[in-house]
Amino acid sequence: LFEPPVPPWRMWRRALGGLSAAAHPVAAVRPPASVALASLRVAPSTVSFSSSSSSGDAAHDTWWRRSAPGSPNPMGRRPTGPKGSPPAALDPGAPAGRLKKKRGGAQPGLAVDEEEGGSYCGDGSEDEGLEGLGVPLDAVVKVWCVHSMPNFSLPWQKKRQFRSSGSGFCISKEKRVILTNAHCIEWAAQVKVQRRGSDTKHLAKVESVGWECDCAVLSVEDDEFWEGIQVVQLSKKVPHLEEPVLCVGFPVGGDTISVTSGVVSRVEVMTYAQTCAELLGIQIDAAINSGNSGGPAFNSAGECLGMAFQSLGADQAENIGYVIPTVVIMHFLNDLLKHGKYTGFPTLGIDVQTMENAHLREAFGMAPKQKGLLVSRVAPTTAASKVLNAGDVLLSFDKETIANDGTIQFRKHERVAFSWLVAQKYYGELAELTVLRDGKELELRIEDFHPEESLVPVHLFGRSHEGPSYMIVAGLVFTTLSVPFLRSEFGEEWDCEAPVEIVHRVMNQRAQFKGEELVVLTQVLAHDLTVGYEDLENVMLVSINDITVKNLRHCLDIIEGCSEKYLRFSFQNNLVLVLKPEDAKKATTEALEQHSIPAATSPDLAEPSAVLAASAPTTPTPA
């Protein structure tokens, strides 16, 4: 009767190459049925949406393009963020430096030189005739970034750096805060900002990055940059349909500022291509192109109603762009103020099934007027796992009734996925749930929201080592399974190209304890000791000497503490690799020198960790 739940990343497919983020199967509560049973895959510049029930014909695919930075680089989207504390205080509601409306003048800002035959030249007056727009154009800046991305296939190296450009805008002059998209400064080695009409690029520092909401905060130390800059005022309301919108930024096609206009077409919970998080978004018909990312979208009052971040590909539709609403931006900023750092948008970490079938509702003891969602699975590492069970019917969240299709009332004649209700909370807050369990209605409470442990990370930011972890033993290269690794090895169609066993783990398995990782033997470097093992690549490591592997550090500890005659590595499909510990240790040094590898382990494995202390007890498994 029902299609099996499919991870959200299969819904998005990207047409151009480059770095991108994909969704994690446990990242968020599934949206309504029409989206919940879709598959999702993400990429920097382009993504596609196709139903999981479709035949797979390319003619049925809808291509999405996110507004990537405006240079010809293939990346165009994602987050990276140097670590650092956020500004001491942010003032998103600071008065906007709005321009006064120009009165009179057919050609404002232009002077006619009659002696030279009527040629026009700008005299710099009247701000080039743009005052009539009523928006603070001088608050909008161009963001230049040099990206230095790790090589996930050769984790001890980095790829060749490349440059891109995007947009941003000032939201607080006193605190020196500039807002832009996270994907504009992903894997940033250097960030510079340039004001409109200026010939100077100023070095900027990334203060904080919100990966799920695709927002980033920048700051500039140079006093000259802040002289006379205008400030954008963030609107506190979500716009209604048909409200006018003005998008400002520095897209491709030129070097100067660009202004496009349109109206609000749709407001709903949508997939953010950055990490495939499900958050509220605004669809507009104003043109949003590569380079518009991070630029503000203004309403008729000159207030910012959101920030441009992705768009629908022109091969399928025209002038369909998407804007991050200010309620999402404000949540990001308030999170920085509340916790001193970005913690994220909460999710319940559950899989749900709609209750639109009358027989299904009757079988679970629901009254005729009761509505809700059936909980099919609860992730073990979530806060909800302490109160929710599989088979519960979730009736309400924080006293807000959840419909049988998984939506809640947003505004009159408007409904959105109930995951947006959860996302508006902050980690550490209290949440109240009403569930139907065994025919009885129960009131439950989540005392302390905390993030779910990610078994297969969508990104590696926010860690002490923001790069791939690896370990080399006698030429055997082990790394942790992550979406960036899968993209590096198998491309954007990794869920079709990667080994079935790995895809199955990614899509259906969830972390059972804190610190759990999936370890992969990604390749075997040439060495005399590894002769005959060359075909073993991209296989899942299950155990070492019959000890189940918990994570990469655990592997290192088992190998270093081995006192047996052999090191026996057991992989998926009962594959076995055997080495002698002493010979393996000697071969490791030789392999590193032979292949010019600087270290046998990544920096994070060279430091002590408390991860294993929180892990499940070691259990032997048959080879």
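**Observations concerning the overall build of the protein**
- Across its full length, the protein holds 10 helices and 32 strands.
- Considering the protein as a whole, with its 623 residues, one finds that 56% of them fall into the buried category.
- Considering only contacts within the protein whose residues lie at least 6 apart along the sequence, 69% involve residues at least 24 apart.

**A word on the sheet that holds strand 10 (residues 202–210)**
- Taken in spatial order, the 6 strands close into a barrel running 6-7-8-11-10-9, and their pairing is antiparallel. Sheet twist, expressed as the average angle between the axes of neighbouring strands with direction ignored, equals 40 degrees.
- Strand direction decides the pairing type here: strand 10 and strand 11 (residues 215–220), joined by 6 bridges, are antiparallel. Across the sheet, residue Val206 finds its bridge partner in strand 11, namely Leu218.
- Relative to the sheet, helix 3 (residues 326–339) contacts strand 7 (162–172), strand 8 (177–180), strand 10 and strand 11, its axis offset from that of strand 11 by approximately 60 degrees.

**Some details on helix 10 (residues 581–594)**
- With 14 residues, helix 10 extends 20 Å from end C-alpha to end C-alpha; this agrees with the ideal 20 Å at 1.5 Å per step.
- Of the residues making up helix 10, those classed as buried are Pro581, Ala584, Ala587, Thr588, Ala591 and Leu592.
- Phi turns positive, to about 55 degrees, at Ser596, one or two residues after helix 10.

**Here we look at the state of the cysteines**
- Scanning the entire structure with this criterion turns up 0 disulfides.
- The structure places no disulfide on Cys215, whose sulfur is separated from the nearest cysteine sulfur, that of Cys213, by 3.8 Å.
- What makes Cys215 buried here is its relative accessible area of 0%.
- Of all cysteine sulfurs in the structure, the one in Cys247 sits closest to Cys304, which takes part in no disulfide; the separation is 9.5 Å.

**Details of the pattern of salt bridges**
- Tallied over the full model, the rule gives 12 salt bridges.
- Residue Arg196 pairs with Asp138 through a salt bridge whose shortest N-O separation is 2.8 Å. On the criterion of sequence distance, the pair formed by Arg196 in the loop between strand 9 (188–195) and strand 10 and Asp138 in the loop between strand 5 (119–122) and strand 6 (140–147) is long-range, its members being 58 residues apart.
- The class of Asp138 is partly exposed, set by a relative accessible area of 22%.
- Note that Arg411 is salt-bridged to Glu414, the shortest N-O span being 2.8 Å.

**A closer look at the nonpolar core**
- Among the nonpolar cores identified, the biggest contains 120 residues, and Leu348 and Leu481 are the most heavily contacted of them.
- By size, the runner-up hydrophobic cluster in this structure holds 28 residues, among which are Val519, Leu536, Leu552 and Cys562.

**Notes on the confidence of the model for the protein**
- Per-chain confidence: the protein averages 80 in pLDDT, with 76% of residues scoring 70 or above.
- When the criterion is pLDDT under 50, residues 1–121 qualifies, and its contacts beyond four places in sequence or with other chains add up to 406 contacts.
- Below pLDDT 50 for its whole length, residues 609–623 participates in 32 contacts with residues either more than four positions away or in separate chains.

**Thoughts on the pairing of strand 28 (residues 519–524)**
- Most of strand 28 sits inside the fold, with 6 of its 6 residues counted as buried.
- By the bridge criterion, 5 bridges tie strand 27 (residues 476–480) to strand 28 in an arrangement that is antiparallel. Across the sheet, Phe478 pairs through a bridge with Leu521, a residue of strand 28.
- Sheet topology note: the strand 28/strand 29 (residues 539–544) ladder contains 2 bridges and is antiparallel. Bridge pairing in strand 29 links Leu521 to Val539.

**Focus on a negative patch on the surface**
- On the surface, Glu221, Asp222, Glu224 and Glu227 cluster together into a patch of negative charge.
- By the element assignment, Glu227 lies in the loop between helix 2 (223–226) and strand 12 (244–249).

**Observations concerning the packing of aromatic side chains**
- This model, assessed by the stated rule, comprises 8 aromatic pairs.
- Centroid distance Tyr272 to Phe309: 4.7 Å. Interplanar angle 40 degrees. Geometry classified as tilted. Of this pair, Tyr272 sits in strand 13 (residues 258–272) while Phe309 sits in strand 16 (residues 304–312); the two residues are 37 residues apart in sequence, bridging distant segments of the chain.
- Note on Tyr272: relative accessible area 0%, which makes it buried.
- Residue class for Phe309 comes out buried when judged on its relative accessible area of 1%.
- Ring geometry for Phe478 versus Phe569: centroids 5.6 Å apart, planes at 25 degrees, classification stacked. Of this pair, Phe478 sits in strand 27 while Phe569 sits in strand 31 (residues 567–571), and the two are 91 residues apart along the sequence. Neither Phe478 nor Phe569 differs from the other in exposure class; each is buried.
- Through a chain of ring-to-ring contacts, the aromatic side chains of Phe152, Trp187, Trp211 and Phe461 assemble into a single cluster.
- Above the face of the Trp144 ring, Lys201 is positioned so that its terminal group lies 4.8 Å from the ring centre.

Thresholds, definitions, all that
- Within any chain, residue numbers begin from 1 and follow the written order of that chain's sequence.
- With the structure being a predicted model, the display of local features is reserved for residues of pLDDT at least 70 and the display and counting of side-chain atom pairs for 80 or more, all residues being used for whole-chain, interface and lining totals.
- Side-chain figures throughout are based on the complete set of non-hydrogen atoms in the structure, without hydrogens or water.
- A run of H or I in DSSP counts as a helix once it spans at least four residues, and a run of E counts as a strand once it spans at least two, with each numbered from the N terminus.
- Burial status follows relative accessibility: with a 1.4 Å probe on protein chains alone, a residue under 20% of its type maximum counts as buried, one over 50% as exposed, and anything between as partly exposed.
- In this description, contact between two residues means that some pair of their heavy atoms is separated by no more than 4.5 Å.
- Two strands qualify as a pair provided that DSSP identifies no fewer than 2 bridges between them.
- Axis definition: a line fitted to C-alpha atoms, limited for helices to the stretch in contact. Angles are taken between N-to-C directions and run from 0 to 180 degrees.
- Under the convention used throughout, the expected extent of a helix is 1.5 Å for every residue step, that is, one less than its residue count.
- Only a pair of cysteine sulfur atoms within 2.5 Å qualifies as a disulfide here.
- Every case where a carboxyl oxygen of Asp or Glu lies within 4 Å of a side-chain nitrogen of Lys or Arg is listed as a salt bridge.
- Side-chain atoms within 4.5 Å link the members of a nonpolar core, which is a set of buried Ala, Val, Leu, Ile, Met, Phe, Trp, Tyr and Cys residues.
- The predictor attaches a confidence to each residue, and that confidence, scored 0 to 100, is pLDDT.
- Any residue with relative accessible area above 30% and no salt bridge may belong to a patch, with like charges joined within 9 Å and the nonpolar Val, Leu, Ile, Met, Phe, Trp and Tyr side chains within 5 Å.
- For the area figures, the Shrake-Rupley method with a 1.4 Å probe applies, and any residue is considered shielded solely by the protein chains shown.
- Under the convention used here, Asp and Glu are negative, Lys and Arg are positive, and both His and the chain ends fall outside the count.
- A charged residue contributes its charge at one atom only: NZ of Lys, CZ of Arg, CG of Asp or CD of Glu.
- When two rings of Phe, Tyr or Trp (its six-membered ring) have centres within 6.5 Å they constitute a pair, described as stacked for plane angles under 30 degrees, edge-to-face for angles over 60, and tilted for the intermediate range.
- Remark: a charge is flagged as sitting over a ring if the NZ atom of Lys or the CZ atom of Arg is within 6 Å of the ring centre and within 35 degrees of the ring normal.

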